[in-house]
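Descriptive analysis of the structure
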Amino acid sequence: MKRLNMSIRIAVIMFPGANCDLDTIHVLNNVMNIQTDLVWHNYFKESEYDGVILPGGFAFGDYLRAGIIAAHSPALDQARMMLKDNKPVIGICNGFQVLTEANLLPGALLQNNSLKFICKWVNLRVENNKTACTNMMKRGEVIDIPIAHGEGRYFADNLKELEENNQIVFKYSTENGELTENANPNGSLENIAGVCNLEQNCIGLMPHPERASEAILSPKGTIHGQLFFKSIIEFIKRRLS
Amino acid sequence: MAHQEFEVEITLMNKPAARDPVGETIQKDLLAKKGYDMVTNVRSGQFLRINIQALSQEEAKETVTKMCNDLRIFNPVTQNLYILKVKKTK
């Protein structure tokens, strides 16, 4: 079934305590021109959408652990069904934490080594450009993007498996793409900033592409976050064609 | 047998392979600097006290263990669960 670009519909899930939902909606609706709805987590129906984004914030106040309460929301059961249909499920920041706690993505996000909430622009190196949110990027390309988190230290006990399966999507790097300790803002294992599932249709990352999609918001005037959203749209188009 | 109320205390702690910056900071930046250099390690964790209806102490412990596993009260990737004590409440 062929559909027009404009008929693609994406949902951004609103959890109590989410605070990047409106930014994400704004970028998709007004910058990328994609019909995007804000959907309360209990009411989300996957059949009405081509993809879903779990936004940043503090779902359920991050009580117990960031993401764990939201991971039990019915929205996550819907997300599991979407993945079976090869619809993209994307978690940004707190959304990434939710996806790891829901066991849709490997590993976990621990408190930053510095114990501080870190809010700054960083560089990411693209490690896998075959996924639902990196297919418009080049492998090894370095993008500008901000982070804003207290619990972003990626940890996994099966690193080798993740490497062999190409599940590492983004790594924190220098501007030149070097993976140094200084470029690692939070102590993440192997500088990992984002990972995907085996099927590469579920991706989580700590940085915020929705805050890097308009030149006015970027200290360097870059709009690299748009590549992220363009990739999602491209992935959906390929699936529908 | 009638149900009774039990109090189960559990703690969730990072596995040894996952660094615990809270514990490290308490040890290095507070204790060691204030003369308690005999302290060689501090690990922090989360503490939960759960009141639960059960037929026996064993059942209370089993139910708490089961719910912690089923609902991922602790993250099996990074944390261990320890049951500290189970006692009948008055």
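Reference entry: report on the structure contained in this document. Predicted, not measured: the structure shown is a model, and the values here were computed from it. (Residues numbered from 1 in each chain as written. Chains lettered and ligands numbered in written order. Predicted model: local features only at pLDDT ≥ 70, side-chain atom pairs only at ≥ 80, totals over all residues.)

Now for the overall build of chain B. Secondary structure assignment for chain B yields two helices and three strands. For a compact globule of 90 residues, the expected C-alpha radius of gyration is about 12 Å, and chain B comes in at 17 Å, more than 25% above that figure. Once the C-alpha set of chain B is aligned to its principal axes, its extents read approximately 55 × 30 × 15 Å. Counting over 90 residues, chain B shows a buried share of 16%. In chain B, 73% of the contacts between residues at least 6 apart in sequence involve partners at least 24 apart. (Helix = DSSP H or I, 4+ residues; strand = E, 2+ residues; numbered from the N terminus. Rg over C-alpha atoms; globule rule 2.2 N^0.38 Å. Buried ≥ 20, exposed ≤ 12 C-beta atoms within 10 Å, placed from the backbone. Contact = placed C-beta atoms within 7 Å.)

The next subject is the sheet that holds strand β6 (residues 118-126) of chain A. All names here are of chain A. Reading across from one edge, β2-β1-β3-β4-β11-β10-β9-β6-β7 is the order of the nine strands in this open sheet, with mixed pairing throughout. In this open sheet, the two edge strands, each paired with only one partner strand, are β2 (35-40) and β7 (142-149). Each strand axis lies, on average, 25° off the axis of its neighbour in the sheet, ignoring direction. (Pairing = 2+ DSSP bridges. Axes fitted to C-alpha atoms, helices over the stretch in contact; angles between N-to-C directions.)

Let's shift gears to unusual backbone geometry. Excluding glycine, residues mostly have negative phi values, and the peptide bonds linking residues are mostly trans. All names here are of chain A. Here the phi dihedral of F60 falls at roughly 50°; this positive angle occurs in a residue that is not glycine. Counting through the fold element by element, F60 comes out in the loop between β3 (51-54) and α2 (74-84). In this structure F60 comes out as buried when scored by C-beta crowding, with 22 C-beta atoms within 10 Å. In this structure, C93 is a non-glycine residue whose phi angle is positive, near 55°. Along the chain, C93 turns up in the loop between β4 (89-92) and α3 (94-101).

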